[in-house]
Amino acid sequence: MAKIAVTRWIPDDAVKLLAEAGEVEVSPADRPLTRAELHEFVGGASAVVGMLHDRLDGALADAAGPGLKVVANVAVGYDNVDVPALASRGVVVTNTPGVLTDATADLAFGLLLAVTRRLGEGERLLRSRTPWSFHLGFLLGSGLQGKTLGIVGFGQIGRAMAKRASAFGMPIVYSGRSKQDTDAEFVSFEELLARADVVSLHCPLTPETRHLIDAAALRAMKPGAYLVNTTRGPVVDEAALADALEAGEIAGAALDVFEKEPEVEPRLLGRDDVVLSPHLGSATVETRTAMAVLAARNVAAVLAGRPPLTEVKP
């Protein structure tokens with residue numbers, strides 16, 4: 001029976017599907033495996049179900065052996081996967097697009113509200129039992145109506161973010177690889193930075209987008225603008241972001257992902273103009289289950305000799 005190596009816990013619904021296709025081995029370690037541990041764990045596997053913290057590449061395929069047929073990444077992004085190296089060894093690569101769109105857009109908009117309305121700052125004040133009283137100048141934030149949202153990367157999640165922002169009365173501009181059939185205005189990245197009151201990142205992590213938001217990009221934003229990142233941490237230069245906040249170059253930032261995850265730039269941790277969450281974009285029971293089930297369905301299809309549902313082409 002085919003060995004299916006799952007590198008970390010996944011929901012039971014997905015395990016049950018995998019068990020119909022082979023012998024499932026789930027890593028007992030409640031943490032990312034080291035590279036050596038990962039390679040040892042996948043030895044002899046016909047399928048690997050991996051997480052975004054796993055490096056899924058040619059070395060992993062070699063460690064698994066010639067019987068490896070499919071690597072299923074439980075994420076929509078696949079910057080942790082060397083697709084050409086796996087494809088050259090005859091290994092099919094899959095991801096989990098579509099099923100996490102709404103959950104991630106919800107979280108992104110929640111972060112936007114949290115940073116513009118100073119919700120984290122207010123909660124910390126109450127929990128610290130600091131004396132307070134209502135007055136008209138107390139913890140004033142920024143309203144969203146009429147403020148321009150700039151979306152960098154207008155894929156499924158970016159479009160879902162635009163839908164939510166439109167309901168709040170925000171004009172939308174976006175930048176990306178091409179103009180799309182939408183009421184939102186397509187602009188260059190440079191124009192987006194200059195016009196947006198909120199910049200929300202939804203682009204994949206590629207060599208071109210690594211540190212896309214650097215010191216120069218932050219200086220190009222409005223002094224009263226906010227940055228929201230729910231895509232991949234390295235799209236933002238966190239040290240440059242801390243510098244920009246300290247210099248008052250932008251008004252605030254809300255981050256769900258980090259450049260050296262799980263580490264966070266220390267200077268961001270104590271700032272009231274920064275909202276932080278620990279990679280919760282897809283973290284609903286429904287969404288994480290759907291992601292794992294889609295990965296399992298991809299594995300089952302490949303092991304049965306059928307085309308996968310969501311293949312990543314090299």
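Residues numbered from 1 in each chain as written. Predicted model: local features only at pLDDT ≥ 70, side-chain atom pairs only at ≥ 80, totals over all residues. Heavy atoms only, no water.

**Considerations on the side chain of His-279**
- One can find His-279 in the loop between strand E12 (274-276) and helix H12 (285-303).
- With relative accessibility at 19%, the residue His-279 sits in the buried group.
- Filtering out sequence-adjacent residues up to four positions away, His-279 remains in contact with Leu-52, Arg-232, Asp-256, Val-257, Glu-261 and Arg-288. (Helix = DSSP H or I, 4+ residues; strand = E, 2+ residues; numbered from the N terminus. Buried < 20%, exposed > 50% of the residue type's maximum accessible area, 1.4 Å probe, protein only. Contact = heavy atoms within 4.5 Å.)

**Let's talk about the packing of helix H5 (residues 101-116) against helix H7 (residues 156-167)**
- One way to put it is that H5 packs onto H7 with a least axis distance of 9 Å and a crossing angle of 50°. Our classification of the angle between H5 and H7 gives oblique. Where H5 crosses over H7, the two elements pack in a sense that is right-handed. Residues Thr-101, Asp-102, Thr-104, Ala-105, Asp-106, Ala-108, Phe-109 and Leu-112 of H5 form the contact with H7, whose participating residues are Gln-156, Ile-157, Ala-160, Met-161, Arg-164 and Ala-165.
- Across the contact of H5 with H7, the residue classes tally to eight nonpolar, three polar and three charged. (Axes fitted to C-alpha atoms, helices over the stretch in contact; angles between N-to-C directions. Parallel < 35°, antiparallel > 145°, perpendicular 65-115°, else oblique. Left-handed = near helix turned anticlockwise from the far one by under 90°. Nonpolar A, V, L, I, M, F, W, Y, C, P; charged D, E, K, R; others polar.)

**Concerning a nonpolar patch on the surface**
- A surface patch of nonpolar side chains, about 550 Å² in accessible area, is lined by Leu-126, Trp-132, Phe-134 and Leu-136.
- On the secondary structure map, Trp-132 appears in the loop between helix H6 (119-127) and strand E6 (149-152). (Patch = residues over 30% accessible without salt bridge, like charges linked within 9 Å, V, L, I, M, F, W, Y side chains within 5 Å. Areas by Shrake-Rupley, 256 points an atom, 1.4 Å probe, with all protein chains shown as cover. Salt bridge = Lys/Arg side-chain N within 4 Å of Asp/Glu carboxyl O.)

**Observations concerning the environment of Ala-64**
- Within the secondary structure, Ala-64 sits in helix H3 (residues 58-64).
- Residue Ala-64 is classed as buried on the basis of its relative accessible area of 6%.
- Measuring from C-alpha to C-alpha, the distance between Ala-64 and Ala-45 comes to 5.5 Å, with 19 residues separating the pair along the chain.
- Not counting chain neighbours up to four residues away, the residues in contact with Ala-64 comprise Val-42, Gly-43, Gly-44 and Ala-45.

**What to know about the pattern of salt bridges**
- Scanning the entire structure with this criterion turns up 20 salt bridges.
- Between Asp-57 and Arg-55 there is a salt bridge; the shortest N-O distance is 3.7 Å.
- Ionic pairing is found between Lys-313 and Glu-311, a salt bridge with its closest N-O pair at 3.4 Å.
- Residue class for Lys-313 comes out exposed when judged on its relative accessible area of 59%.

**Some thoughts on the UniProt feature "domain: D-isomer specific 2-hydroxyacid dehydrogenase catalytic" (unreviewed entry) in the chain**
- According to UniProt, the positions carrying the feature "domain: D-isomer specific 2-hydroxyacid dehydrogenase catalytic" (unreviewed entry) are residues 4-312.
- As a span, residues 4-312 carries 36% helix and 14% strand, and end to end its C-alpha atoms are 19 Å apart. (UniProt positions renumbered as here; feature names shortened; annotations may be inferred.)

**A short note on the UniProt feature "domain: D-isomer specific 2-hydroxyacid dehydrogenase NAD-binding" (unreviewed entry) in the chain**
- UniProt records the feature "domain: D-isomer specific 2-hydroxyacid dehydrogenase NAD-binding" (unreviewed entry) for residues 109-281 in the present numbering.
- Along residues 109-281 one finds 32% helix and 14% strand; the C-alpha atoms at either end are 10 Å apart.

**Structural notes on unusual backbone geometry**
- Note that the residue after Glu-261, namely Pro-262, is joined by a cis bond; omega there is 10°.
- Relative to the elements of secondary structure, Pro-262 occurs in the loop between strand E11 (252-255) and helix H11 (266-269).
- Look at Leu-139: it is not a glycine, yet its phi comes out positive at around 45°.
- We note that His-211 has phi near 55°; this positive angle belongs to a residue other than glycine.

**Looking at H6**
- Restricting attention to buried positions, one finds in H6 the residues Gly-120, Glu-121, Gly-122 and Leu-125.
- Where H6 is buried, its residues meet H5.

**Describing the environment of Asp-79**
- In this fold, Asp-79 is placed in the loop between strand E4 (70-73) and helix H4 (83-88).
- Taking the C-alpha atoms as reference, Asp-79 lies 9.6 Å from Pro-207; in sequence the two are 128 residues apart.
- Leave out the neighbours within four places in its chain, and Asp-79 touches Arg-55, Leu-205 and Arg-232.
- Here the side chain of Asp-79 touches Arg-232 through a polar contact of 3.0 Å, side chain to side chain. (Polar contact = N/O pair within 3.5 Å; in protein donor to acceptor, adjacent residues only side chain to side chain.)

**Observations regarding the packing of aromatic side chains**
- Within the structure shown, the criterion is met by four aromatic pairs.
- Summarising the aromatic geometry, the rings of Trp-132 and Phe-138 are spaced 5.7 Å apart at their centres and angled 10° between planes, so their arrangement reads as stacked.
- Given a relative accessible area of 25%, Phe-138 falls into the partly exposed group.
- Look at Phe-154 and Tyr-174: their rings are 4.2 Å apart centre to centre, the planes differ by 20°, and that puts the pair in the stacked class. With a gap of 20 residues between them, Phe-154 in the loop between E6 and H7 and Tyr-174 in strand E7 (residues 172-175) connect regions that are remote in the sequence. Here the two residues Phe-154 and Tyr-174 agree in accessibility, since each one is buried.
- Each member of the aromatic cluster is reached from another via a ring pair, and the members are Phe-154, Tyr-174 and Phe-186.
- Directly above the aromatic system of Phe-41 lies the positively charged group of Lys-3, at a separation of 5.8 Å from the ring centroid. (Phe/Tyr/Trp six-rings, centres within 6.5 Å; stacked < 30°, edge-to-face > 60°. Lys NZ or Arg CZ within 6 Å of the ring centre and 35° of its normal.)

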